[in-house]
Amino acid sequence: MKTIQKIIIVGGGTGGWIAAAMLANEFKHARIHIELIESNEIGTIGVGESTIPPFLELIKTLDIDEIDFIQKTQASFKLGIQFTDWRVKGEGYFHPFGTMTAGMNHFRFYNLWLKSTMNGEKFGLQDFSPCNIMAEHRRFMLPRLAEKTPLADASYALHLDAKLVTSYLRNYAEALGVIRTEGKITQVVKKTDDFIDKVYLQSGKEIEGDFFIDCSGFHALIIEKTLGVSYCDWSNYLPCDRAVAVQTENKGETLPFTRATARDHGWSWRIPLQHRTGNGYVYASKFCSDDEALNTLLNVVDGELLTEPRVIPFKTGVRDEIWKGNCLALGLASGFIEPLESTAIHLVVRGMVHFLRRYPDAECDKSLQKEYNRRMKMDYEEIRDFIVLHYCLTEREDTPFWRWCKNMELPIALQETIDLFKVQGGLPEQIDPLFAPESWRSVAEGMGLRPKKYATLVDDFDFPEALNHFRTFVEATNKFVQQLPSHDQFIAQNCPAPLWKKS
Ligand SMILES: Cc1cc2nc3c(=O)[nH]c(=O)nc-3n(C[C@H](O)[C@H](O)[C@H](O)COP(=O)(O)OP(=O)(O)OC[C@H]3O[C@@H](n4cnc5c(N)ncnc54)[C@H](O)[C@@H]3O)c2cc1C
């Protein structure tokens, strides 16, 4: 049995440096050579600035000090996503992180809440989300600093500067012995049909490896261009295929959430960091030209432009095999689903977690590859279906794009989920899903989909007492949140990045 001695990571974007950091941490006591090759000439994609809570688990696993990370990546806090104009123009909803259960079991809470709405009570679902309440009041507190309060079960993620994240992780990985080689790979040499032997750089340098991680972004240098793995195209479900992105100066307070506003042919994002704001418009080229998209974006951004707007084409889908032979694809090389729920960086981390659970010897047994590919596809499909949910429930018919979304054919699993949910709010049980029932319920409710009945099991529960509990919970949470620092104050007091000027 030959163990893997030399791992070559191709690409130094967020994907490559996350892989390097995770491997360096995993093998800090083993003698494994880990080398990352990146090309300054090609550069990185440089977007990808909104994350979800599991990202903080990565920081913790790597033993990185969270405050230091926040300061060095100009990060701000994220409590969820504010969606505007998705169901109909002029309306919006919030998809919060964390629980939404008023301290109960989530099934019982949701069904008691459904029963309350059917009895004419006016509680909104989001009234029970501590993250939503903090976002509404533009306030912030780390849940771990608020134990035994209504915020104890809140959660959060970060908005961060993509370039600063890669340099942070690079420093981390290099300190643990990862070798960085700058240069453009011009040739990849195979050993057999499925196995890579070595790569050649433009300089003529030759680099051999036992295992290769393809983090070359949309170039997909090894997984596609060398191993010929095909791409499963999901644009029949998610037709957006381009984005235009621009950075602007900060204006006004730093909001503790990402904004996703529906536009005529897609949606625009706004991601506030400590030192600037990231903006973009994700659109479908079959309905909208680049010029129209650019004009739309420039009309809606606040603050002076800090960069030239940049158009980024992409194709929604996933590789048919993410791991093949001695090559694992990670990040954009493995697939991409539009960034509506900020899931791409998460998929990088998941890709590594699943890989480390099935870490092979140098033979890379096909059964390991098969199981890995099955598992990753499940993650991709779960995210795809959740994103489609945001579009397919629209009632908008004001543009061809929204008419298309309203009438689209759904993935079978999503159609079944919606059918099940409509009955009494049930959801299919999944193993280790990314999106909790609270997430599905938030988006469904925000898009106007509410179950016809509640589960009568909760009729055993004292209903007046439940309503009292609801009232007390909502009042106590609002009262507690109102005396918290604003998001800006919290940053200024706890984790201001260099040049933070707000008071
Ligand atoms: C419009 C848009 C918005 C996004 N928003 C979010 C978001 O909000 N949240 C989120 O989680 N994710 C988001 N993402 C995804 C996120 O940006 C990526 O998942 C993440 O940055 C990983 O990218 P990567 O490392 O795979 O690729 P890249 O950043 O493109 O890096 C590729 C690397 O490969 C190197 N390379 C390529 N070819 C060669 C070669 N021949 N020789 C040597 N080196 C080579 C390049 O130099 C570079 O270092 C977004 C993506 C897009 C397109």
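Keep in mind that this is a model prediction, so the values were computed, not measured. (Residues numbered from 1 in each chain as written. Predicted model: local features only at pLDDT ≥ 70, side-chain atom pairs only at ≥ 80, totals over all residues.)

Let us look at the overall build of the protein. What the protein contains, in helices and strands, is 14 helices and 21 strands. Relative to its length of 503 residues, the protein is compact, with a C-alpha radius of gyration of 23 Å against a globular reference of 23 Å. Along the three orthogonal principal directions, the C-alpha set of the protein runs to about 75 × 50 × 50 Å. For the protein, buried positions account for 45% of its 503 residues. Taking the intrachain contacts of the protein between residues at least 6 apart in sequence as the baseline, contacts between residues at least 24 apart amount to 76%. (Helix = DSSP H or I, 4+ residues; strand = E, 2+ residues; numbered from the N terminus. Rg over C-alpha atoms; globule rule 2.2 N^0.38 Å. Buried ≥ 20, exposed ≤ 12 C-beta atoms within 10 Å, placed from the backbone. Contact = placed C-beta atoms within 7 Å.)

The subject of this paragraph is the environment of Ser486. For Ser486, the position within the fold is in the loop between helix H13 (463-482) and helix H14 (487-494). Among the residues examined, Ser486 registers 16 C-beta atoms within 10 Å and is labelled partly exposed. Along the chain, Ser486 and His137 lie 349 residues apart, while their C-alpha atoms are 8.0 Å from each other. The residues touching Ser486, leaving out its near neighbours within four places in the chain, are Arg138, Arg139 and Glu253.

Turning our eyes to something else, we now look at the domain arrangement of the protein. For the protein, the domain assignment lists domain 1 (6-75 + 160-233 + 317-381), domain 2 (98-155 + 411-487) and domain 3 (242-313). Computed from C-alpha coordinates alone, the two centres of domain 2 and domain 3 are separated by 30 Å. The partner domain 3 presents 5 residues to the 6 residues of domain 2 that form the contact. Split into classes, the residues belonging to the side of domain 2 that touches domain 3 amount to 3 nonpolar, 2 polar and 1 charged. (Domains from an automatic or database assignment. Nonpolar A, V, L, I, M, F, W, Y, C, P; charged D, E, K, R; others polar.)

Among the 39 residues in the neighbourhood of the ligand, the closest are listed as Gly11, Gly13, Gly48, Gly217 and Gly331. The set of elements that each furnish at least two residues to the shell around the ligand consists of helix H1 (14-26), strand E2 (33-38), strand E13 (242-248) and helix H8 (344-357). Of the domains in this structure, domain 1 (6-75 + 160-233 + 317-381) and domain 3 (242-313) are the two that each give at least three residues to the shell around the ligand. (Near = placed C-beta within 6 Å.)

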